[in-house]
Amino acid sequence: MRNACNEVSVQVVAQVALLSDDRSDVDAGASRADGAMDRYACGDEAAFVDLYDELAPRLHRFALRWTRSRSAAEDAVQQTFLQIHAARHRFVRGGAVTPWAYAIIRRLLLDLGRRGAREELRHDLRDAEEPTTAPSPDEALHRRRVEAEAQRDLAFLPPAWREAFELVKFEGLSVAETAEVLGITRGMVKIRTFRATAALRKAMARRLRDPSERMTRSDPGAPPPGETREKGVPT
Amino acid sequence: MMPPESLKLRVLETIRQRPVPRRTDRLPTTIGLAVLAAVAMSAVLQWAPRLFGEVGGVAHAAGRPAACGAWILAGTVALALSSTWLALPFRRSMLSPPRGVLLGVAIGVPLLVGAWLVLWHGAYADPFTRSGWRCFAITILTAPWPFAALAYASRRAEPRHPGTAGAALGAVAGAWTAVMVELWCPLAVHDHVLIGHVLPLVVLTLAGAALGVRMFRLRRL
């Protein structure tokens, strides 16, 4: 029993690693971004380029994961930087720019209303500059299947849990930063992330027990079996 | 997946075409606005009661024992200070406090003001009887000034929950208005407190929410 649990945990971790394999050194990047924003607010025009270089890849990846549309993601990133630029004179001394930027782009994406229209990950979104060290067909098939299962498990999560989980696990934000982005308390972030992780682990365990289930679960809007909801809101 | 280079060029070109001044120290302006708001509230307290044929200023509250008046005032000031501290982004952040805190302020301020005043009912004999509509009107007339100062101090940027932030600021403005109105009104009877002191704070909170959605929301540039 204990071995089975460990196996499940390892697979969940592997799924998360697969989904966030291009994650950078986010902590150092955040402090560099904060410094660049501070310099930009103080009048150093060139610092905006540094700020863009630090934040744009992360914001773009976040928007792309959210919208599944390259043009929408680029529009959201551009708008976010314009909002940051417009608030330059109001930027608080020593403030953190990363949670603020994520809060802005999240709001823009919510306003765009694209959250409800998630499309399946299209393979043409792959970066043309990605290294093409082609794995064997079996490996590629396995990787794609695990990715698809991980994406589907994520899609099953309630939006509030998924947002907290994605920001902490994929974007590498701290609990405090995630709390700022979402406008909730740190304790609530911990609870949501924990519940999301537990739900993913549970989904994985269920699939391992019953491999045929992956063929039957096709409605990403429906709650997974056993999950409790009150008036449509996850508890 | 990295963003394309064309996006970077587009962003840099757009911000070059829309110059924004560098950071300015907002503290002197904020303090100036707070002082202006205090002066304006005092002026309203002095002159607005005359519209209803009443005595303006603190002389109107002469029938209340000084000690009770001081305690009531001290409690209201403490509430106004703590709600200001909770609702404004004093911390090193461009974002306002969590939604739960803002909702707590928006709901808690009217309730606590009412509870605090009713607590003093029976501690002294009310000098006269009024329904409370004068206090209601004076509160509404006094509130725009602190709200304007608070809206400036809040940096007018809230991409997450502008309505809740506005509601909290409306409640905080109401708390500071309550301080001024308590200088004028000596009554602590239940009906009067409900109509004259709690109801206007609820109205201010709702008005703040409506204004917040318009003022603090993100606009496409």
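Our subject in this report is the structure included herewith. These numbers were taken from a predicted model, which means no experiment stands behind them. Within any chain, residue numbers begin from 1 and follow the written order of that chain's sequence. A letter from A marks each chain and a number from 1 marks each ligand, given out in the order of writing. Where totals are concerned, whole chains, interfaces and linings use all residues; where local detail is concerned, this predicted model gives features only for residues with pLDDT of at least 70, and gives and counts side-chain atom pairs only at 80 or more. Just so you know, side-chain values use all the structure's heavy atoms and leave hydrogens and water out.

With respect to the overall build of chain B
By the criteria applied, helices consist of DSSP H or I runs no shorter than four residues and strands consist of E runs no shorter than two, each listed in order from the N terminus. Helices and strands together make up the secondary structure of chain B, namely 8 helices and 0 strands. When the helices and strands of chain B are read in sequence order from the N terminus, they spell out α-α-α-α-α-α-α-α. Sequence separation of at least 24 residues holds for 87% of the intrachain contacts in chain B that already meet a minimum separation of 6. Each accessible area is a Shrake-Rupley estimate made with a 1.4 Å probe; only the visible protein chains count as cover when residues are assessed. Counting only carbon and sulfur atoms, one obtains 71% of the accessible surface of chain B, whose full area is about 10500 Å². The contact criterion used throughout is that any non-hydrogen atoms of two residues lie within 4.5 Å.

Observations regarding the packing of aromatic side chains
Any two of the Phe, Tyr and Trp rings considered here, Trp counted by its six-membered ring, make a pair once their centres fall within 6.5 Å; the pair's planes then place it as stacked at under 30 degrees, edge-to-face at over 60, or tilted in between. On inspection of all chains with the given rule, the structure shows 9 aromatic pairs over all chains. Geometrically, the ring pair formed by A:Tyr52 and A:Phe81 is tilted, given 4.9 Å between the ring centres and 40 degrees between the ring planes. Within this pair, whereas A:Tyr52 is found in helix α3 (residues 47-67), its partner A:Phe81 is found in helix α4 (residues 70-86), the two being separated by 29 residues in sequence. Of the two residues, A:Tyr52 and A:Phe81, both sit in the buried class. For the ring pair B:Trp116 and B:Trp120, a centre distance of 5.7 Å and an interplane angle of 85 degrees mean the geometry is edge-to-face. Burial classification: accessible surface area is computed with a 1.4 Å probe over protein chains only, and a residue below 20% of its type maximum counts as buried, one above 50% as exposed, and the rest as partly exposed. A residue is classified by how much of its surface remains accessible, and B:Trp120, at 15% relative accessible area, is buried.

Re helix α4 (residues 99-119) of chain B
All names here are of chain B. A rise of 1.5 Å per residue sets the reference length of α4, with its 21 residues, at 30 Å; its end C-alpha atoms lie 29 Å apart and thus fit the reference within 8%. A residue's bend is the angle separating two fitted axes: one through the seven residues that end there, the other through the seven that start there. The axis of α4 is deflected most strongly, by about 35 degrees, at Gly108, and proline Pro110 appears within four residues downstream. Of all the positions in α4, only Leu102, Val105, Ala106, Gly108, Val109, Pro110, Val113, Gly114 and Leu117 are classed as buried. Given the number of residues in a helix, its expected span is that number minus one, multiplied by 1.5 Å.

Examining the side chain of B:Ser154
All names here are of chain B. Mapped onto the fold, Ser154 is located in the loop between α6 (144-153) and α7 (162-184). Under this definition, polar contacts are N or O atom pairs within 3.5 Å; protein pairs additionally need one hydrogen-donor-capable and one acceptor-capable atom, and for neighbouring residues in sequence, both atoms have to be side-chain atoms. A distance of 2.8 Å separates the side chain of Ser154 from the backbone oxygen of Ala151, its partner in a polar contact. Each residue touching Ser154, except ones within four places of it in the same chain, is listed here: Leu88, Pro89, Leu169 and Phe216.

Describing the state of the cysteines
Count a disulfide wherever a pair of cysteine sulfur atoms falls within 2.5 Å. Per the stated rule, a full pass over the model turns up 0 disulfides over all chains. Unpaired in terms of disulfides, B:Cys185 finds its nearest cysteine sulfur in B:Cys135, a separation of 3.5 Å.

A word on the interface of chain B and chain A
Taken together, the contact between chain B and chain A spans 35 residues of the former and 51 residues of the latter. Between chain B and chain A the total buried area reaches about 4100 Å² when both faces are included, carbon and sulfur atoms providing 60% of it. Per-residue buried area on chain B facing chain A is highest for B:Met1, B:Arg23 and B:Met94; these three make up 23% of the total on that side. Take a side-chain nitrogen of Lys or Arg and a carboxyl oxygen of Asp or Glu: if they are within 4 Å of each other, that pair is a salt bridge. Applying the counting criterion to the chain B and chain A interface returns 4 salt bridges. Salt-bridge contacts for B:Arg23 lead to A:Asp38; the nearest nitrogen and oxygen are separated by 3.1 Å. Where chain B touches chain A, the interface holds 16 residue pairs in polar contact (both at pLDDT 80 or more). Among the elements that make up the side of chain B that touches chain A, the one with the highest residue count is helix α1 (residues 5-17) of chain B (7 residues). For the side of chain B that touches chain A, the class distribution of residues is 18 nonpolar, 4 polar and 13 charged. As used here, buried area is the combined drop in accessible area, with a 1.4 Å probe, of two parts when they are placed together. As a working rule, the residues Ala, Val, Leu, Ile, Met, Phe, Trp, Tyr, Cys and Pro are called nonpolar, Asp, Glu, Lys and Arg charged, and the rest polar, with Gly in that last group.

Remember that the coordinates give geometry; whether it matters functionally is a separate question.
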